[in-house]
Every structure is written in structure tokens, then in C-alpha cells.
Amino acid sequence: MSLPVTVAAPFKHTRKDRLKKSEFVFYLAIDRKWMSREEAHRVLERAVEEGLLEVSTDGWVRPLQDLSSVRS
């Protein structure tokens with residue numbers, strides 16, 4: 001699974017335009033069991049570095065990509 005697809009999944013599934021960091025990690029690690037919590041945190045960091053996500057100072061994560069264009 002590609003990084004854009006992985007990053008888009010929590011937002012598309014919950015139908016939210018922003019999530020708390022903990023919700024994002026929970027979705028990847030606990031809800032879907034795709035990875036460990038540490039790996040989910042690394043995915044979050046990498047997505048921020050690659051410009052796919054933005055994390056605000058108050059802990060909200062929002063996608064910077066058009067989620068409708070992301071296909072699995």
C-alpha cells in the first residue's frame with residue numbers, strides 16, 4: 001500500500017477532514033491492525049515530511065492532498 005493511500009484511509013473511512021494525532025495512530029495501529037503504534041507514528045512523520053499531512057500545534061492532523069483523487 002502506498003503512503004498516500006495509507007494516509008488517506010483514516011480520513012476517508014471516518015469521513016472527517018481532520019483527526020487528532022491519537023485518532024490517526026489508533027486507526028492505523030489498533031482499528032485496522034496494519035502496523036504497530038510506533039510504525040503509525042513514523043508514517044505520520046513521513047507524511048508530514050512529504051507534504052501529505054499537516055499537524056497543527058494543538059494536535060490536529062489534516063490532509064494536504066485531495067482525498068477524492070486517492071484510489072486504493
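Before reading on, note that the structure itself is shown above.
Residues numbered from 1 in each chain as written. Predicted model: local features only at pLDDT ≥ 70, side-chain atom pairs only at ≥ 80, totals over all residues. Heavy atoms only, no water.

Engineer: Honestly, the nonpolar core in this entry has me stumped. Any pointers?
Structural biologist: Most often, soluble globular proteins keep nonpolar side chains buried together rather than apart. With 22 residues, the main nonpolar core has Val7, Phe11, Phe24, Leu28, Ala40, Val43 and Leu53 as its most contacted residues. Of all the elements in the fold, those that place two or more residues in this core are helix H1 (3-14), helix H2 (21-31) and helix H3 (37-49). Ranked by the residues each element gives to this core, the list is headed by H1, at 6 residues. When near neighbours in sequence (up to four residues on either side) are disregarded, leucine 28 contacts Thr6, Pro10, Lys33, Trp34, Met35, Ala40 and Val43. (Core = buried A, V, L, I, M, F, W, Y, C linked by side-chain atoms within 4.5 Å. Buried < 20%, exposed > 50% of the residue type's maximum accessible area, 1.4 Å probe, protein only. Helix = DSSP H or I, 4+ residues; strand = E, 2+ residues; numbered from the N terminus. Contact = heavy atoms within 4.5 Å.)

Engineer: Just checking my understanding: could you explain the packing of aromatic side chains for this structure?
Structural biologist: How two aromatic rings sit relative to each other is set out by the distance from centre to centre and by the angle between their planes. A complete count under the given rule lists 2 aromatic pairs for this structure. Here the aromatic rings of phenylalanine 11 and phenylalanine 24 are separated by 6.1 Å at their centres, their planes lie at 40°, and the arrangement is tilted. Residue phenylalanine 11 is located in helix H1, and its partner phenylalanine 24 is located in helix H2; the two are separated by 13 residues in the primary sequence. On the basis of relative accessibility, which here comes to 1%, the residue phenylalanine 11 falls in the buried class. Accessibility expressed as a relative area gives 0% for phenylalanine 24, which makes it buried. (Phe/Tyr/Trp six-rings, centres within 6.5 Å; stacked < 30°, edge-to-face > 60°.)

Engineer: Got a minute to help me understand unusual backbone geometry in this structure?
Structural biologist: Leave glycine aside and you will find that most residues have negative phi; peptide bonds, for their part, are mostly trans. Of note in the backbone geometry, arginine 15 takes a positive phi value of approximately 60° without being a glycine. Among the secondary structure elements, arginine 15 is positioned in the loop between H1 and strand E1 (19-20). Owing to a relative accessible area of 77%, arginine 15 belongs among the exposed residues under this scheme. One non-glycine residue, lysine 33, lies in positive phi territory at about 55°. The residue lysine 33 is located in the loop between H2 and H3 in this model. Accessibility expressed as a relative area gives 66% for lysine 33, which makes it exposed.

Engineer: In this structure, what is going on with the packing of H1 against H2? I would like to understand it.
Structural biologist: To describe two helices that pack against each other, one gives the angle between their axes and the distance between the axes. In the contact formed by H1 and H2, the axes pass within 10 Å of each other and the chain directions differ by 100°. Here H2 runs roughly perpendicular to H1, going by the angle between their axes. Facing H1, whose interface residues are Thr6, Val7, Ala9, Pro10, Phe11 and His13, H2 presents Phe24, Tyr27, Leu28 and Asp31. Residue composition of the contact of H1 with H2, by class: 7 nonpolar, 2 polar and 1 charged. (Axes fitted to C-alpha atoms, helices over the stretch in contact; angles between N-to-C directions. Parallel < 35°, antiparallel > 145°, perpendicular 65-115°, else oblique. Nonpolar A, V, L, I, M, F, W, Y, C, P; charged D, E, K, R; others polar.)

Purely geometric numbers; function is a separate question.
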